[in-house]
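Overview (structure and organization)
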Amino acid sequence: MAVSKQGRSLPKGIRQRGQSYEGRVYYEYREYVVRGKTITETQKKRRELKYKLEHGLYVERDKILVRDWFNTWMQEYKKNQVKIGTYINYQKYYDGLINKEIGSKKLNSIRGEHIQKMYNEWVKEGYSLSTIKIASAVLNGCFKQAERNGLIERNPVKLAVLPRIKDAEKNRVMTREQQNLFMKYARESYLYNFFAVLLRTGMRSGELRALIYSSDVDINAGVIHVRRTLKYENKQEYKIPEEMQVKSSKEDADETNYFVDTPKTSTSIRDIPMTKETEFFLNAQKNYWRFQVERVDRFLFCTENGEPLSRWRVQGEIDRIVKRIRKDGHEFPHITSHVFRHTFATRAIEEGMQPQILKAILGHSSLAMTMDLYSHVLPDVKAEEMDKIAGGF
């Protein structure tokens, strides 16, 4: 029987090696070794290893590839823990960025310099800092679980440093003049009411596209219930649970999955007070098409055939309107549907809305996100605020 350096008897199958302990398991004429900092930890690892060997669950660490572990991590640790939209995004970032760089490498061979090299390659390829940060977060979660499971000694993602690059301009907003000009040219658009509501509520595009008049627009209470968001993915790449799918008769129905998901965060599930103007545009949209959109299974904002409205459709309409504005000799920046959300927030800030109230309306998960918007208000507003305190010195 083995003894410790202090002369104490050690449990069967365990011996001391330096300041740590080593446990051995024999199975089908082969010897397997586990290591732990304490006797208790080593005994636990021996029991777990023996169970895996007896039930066919053991895979030698030296043979596990990054892509195999990623698939296991997604299926066993993420599938039932995150929203379907988040799950798909994890898979997208892995497929698009991570797999080609390290997917075929052995999991326990990845070191900090490999992760660093991958970051640097992404910078060369022109990926934004925000994209790299998200991919890094996915990697970190994957390797962190591998470390917990004893598949690697140390999480290599923690040893790499994110690149210092400037992201594209953040929080772009329309000035009041640009906002009015856009809405003037959008008057004949079938998405005019959509743009008008975006500007008056700060809703995300997917949230507004998933709005159902009968259940989400409460005229009596004067609020809009934000309960879901509309998304879609390629059927051939990502499997969407059938109960979440949205029926569509459009030509690309065989290729595209429209599905409803819960909003971005738990705080995104919220009620937004309706102004009289907002109510007007919502009611105008209800009566816009020849069909009745107040039916439970119909989205308020949809295509001319009553089918789900994609973000590409929205962006295409925005681009067409901006093109017409520029054609008439006006300078106008490239904008997306998210610019309407930041524009709403900026107008709210300019009119003195308190941060906590704006946070609740926008559905931000933290006050810091809302305060970041306050730090990006238009320069002339900052100057006006400084003028207010000028006389106090």
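Residues numbered from 1 in each chain as written. Predicted model: local features only at pLDDT ≥ 70, side-chain atom pairs only at ≥ 80, totals over all residues. Heavy atoms only, no water.

**Points about the overall build of the protein**
Operational definition: Strands here mean DSSP runs of E at least two residues long; helices mean DSSP runs of H or I at least four residues long; both are numbered from the N terminus. Burial status follows relative accessibility: with a 1.4 Å probe on protein chains alone, a residue under 20% of its type maximum counts as buried, one over 50% as exposed, and anything between as partly exposed. Throughout, a residue-residue contact means that at least one pair of heavy atoms, one from each residue, lies within 4.5 Å. In this description, accessible areas are obtained by the Shrake-Rupley approach with a 1.4 Å probe, and a residue is regarded as covered only by the protein chains that are shown.
Counting secondary structure elements, the protein contains 15 helices and 9 strands. Evaluated residue by residue, the protein yields a buried proportion of 44% over its 393 residues. Sequence-distant contacts, at least 24 apart, represent 58% of the contacts inside the protein between residues at least 6 apart. By element, 49% of the accessible surface of the protein is carried by carbon and sulfur atoms, the whole surface being about 22,800 Å².

**Focus: the environment of Gly150**
Residue position: Gly150 is located in the loop between helix 5 (129–148) and helix 6 (176–185). Taking the relative accessible area as the measure of exposure, Gly150 reaches 31% and is therefore partly exposed. When the C-alpha atoms of Gly150 and Val34 are compared, they prove to be 9.4 Å apart, with 116 residues separating the residues in sequence.

**Considering the sheet that holds strand 2 (residues 20–27)**
Just so we agree on the cut-off: Note on pairing: DSSP must find at least two bridges between two strands before they are called paired. To get an axis, a line is fitted to the C-alpha atoms, and for a helix only the part in contact is used. The angle between two axes follows their N-to-C directions and goes from 0 to 180 degrees.
Sheet architecture is open: 3 strands sit in the order 1-2-3, paired in antiparallel fashion. Sheet topology places strand 1 (14–17) and strand 3 (30–36) at the edges, where each strand pairs with a single neighbour. Each adjacent strand pair in this sheet contributes to an overall mean axis angle of 30°, direction not counted. Looking at chain direction, strand 2 and strand 3 are connected through 7 bridges and run antiparallel. Paired with Gly23 across the bridge in strand 3 is Val34. Seen against the sheet, helix 1 (residues 39–54) touches strand 1, strand 2 and strand 3 and runs at an angle of roughly 20° to strand 2.

**Quick notes on the sheet that holds strand 9 (residues 270–273)**
Taking strand neighbours across the sheet as the criterion, the 3 strands line up as 4-5-9 in an open arrangement whose pairing is antiparallel. Each of the sheet's edge strands pairs with one partner strand only, and the pair in question is strand 4 (217–218) and strand 9. Bridge count for strand 5 (residues 223–226) against strand 9 is 4 bridges, and the pairing is antiparallel. What sits directly across from Val223, in strand 9, is Pro273.

**Things to note about the nonpolar core**
Generally speaking, a soluble globular protein has its nonpolar side chains buried in company with each other. Keep this limit in mind: Buried Ala, Val, Leu, Ile, Met, Phe, Trp, Tyr and Cys residues form a nonpolar core when they are joined through side-chain atoms within 4.5 Å.
Counting 48 residues, the largest nonpolar core has Phe182, Phe194, Phe195, Leu282, Ile335 and Phe340 as its most contacted members. For this core, the elements supplying multiple residues, two or more each, are helix 6, helix 7 (192–201), strand 5, helix 10 (276–286), helix 11 (311–327), helix 12 (337–350) and helix 13 (355–362). Per-element tally for this core: the top contributor is helix 7, with 7 residues. Apart from the residues lying within four places of it in its own chain, the contact partners of Leu282 are Val197, Leu211, Tyr213, Val217, Ile224, Met274, Leu300 and Phe301. Ile102, Leu107, Ala146 and Val157 belong to the second largest nonpolar core, which has 29 residues in total.

**Quick word on the environment of Ile110**
The residue Ile110 is located in the loop between helix 3 (84–102) and helix 4 (112–124) in this model. You can call Ile110 buried: its relative accessible area is 7%. Spatially, the C-alpha atoms of Ile110 and Val157 are 9.2 Å apart, while their sequence positions differ by 47 residues. Not counting the four nearest positions on each side in its chain, Ile110 is found in contact with Val66, Ile102, Lys105, Ile115, Phe143 and Pro156.

**Re helix 11**
Test applied: Expected span of a helix: the number of residues minus one, times 1.5 Å. In this context, the arc is that of the directions from the helix axis out to the C-beta atoms.
Taking 1.5 Å of rise per residue, the 17 residues of helix 11 would be expected to cover 24 Å, and the 24 Å separating its terminal C-alpha atoms lies within 8% of that figure. Listed as buried for helix 11 are Val314, Gln315, Glu317, Ile318, Ile321, Val322 and Ile325. Mapping the buried residues of helix 11 onto a view down its axis gives an arc of 160°, with all of them on the same face. Opposite its buried face, helix 11 presents the exposed residues Trp312, Lys323 and Lys327, each directed more than 90 degrees away. Packing partners of the buried residues in helix 11 comprise helix 6, helix 7, helix 8 (205–209) and helix 12. Two residues or fewer after helix 11 comes Gly329, characterised by a positive phi angle close to 95°.

**Here's the deal with the pairing of strand 5**
Every second residue of strand 5 is oriented toward a common face, with Val223 and His225 on one face and Ile224 and Val226 on the other, all of them buried. Bridge count for strand 4 against strand 5 is 2 bridges, and the pairing is antiparallel. Counted as the bridge partner of Val217 is Ile224 from strand 5. Where strand 4 folds back on strand 5, the antiparallel hairpin that results is connected by 4 residues, among which Gly222 adopts a positive phi of roughly 70°.

**What to know about helix 3**
Just so we agree on the cut-off: Throughout, the bend at a residue refers to the angle made by two axes, fitted to the seven residues ending there and to the seven starting there.
Compared with an ideal rise of 1.5 Å per residue, which puts 19 residues at 27 Å, helix 3 spans 25 Å between its outermost C-alpha atoms and is within 8% of the ideal. The largest bend along helix 3 reaches roughly 45° and is located at Asp95. Those residues of helix 3 not exposed but buried are Ile84, Gly85, Tyr87, Ile88, Gln91, Tyr93, Tyr94, Leu97, Ile98 and Ile102.

**Structural notes on the confidence of the model for the protein**
Operational definition: A residue's pLDDT is the predictor's confidence in that residue, given on a scale from 0 to 100.
Looking at the protein as a whole, the pLDDT averages 83, with 83% of positions reaching at least 70. Between the elements of the protein, mean pLDDT differs from a low of 50, seen in strand 7 (residues 245–246), to a high of 97, seen in helix 7.

**Quick word on the side chain of Gln315**
In this fold, Gln315 is placed in helix 11. Its relative accessible area of 18% is what places Gln315 among the buried residues. If sequence neighbours within four positions are ignored, Gln315 has contacts with His334, Ile335, Thr336 and Ser337.

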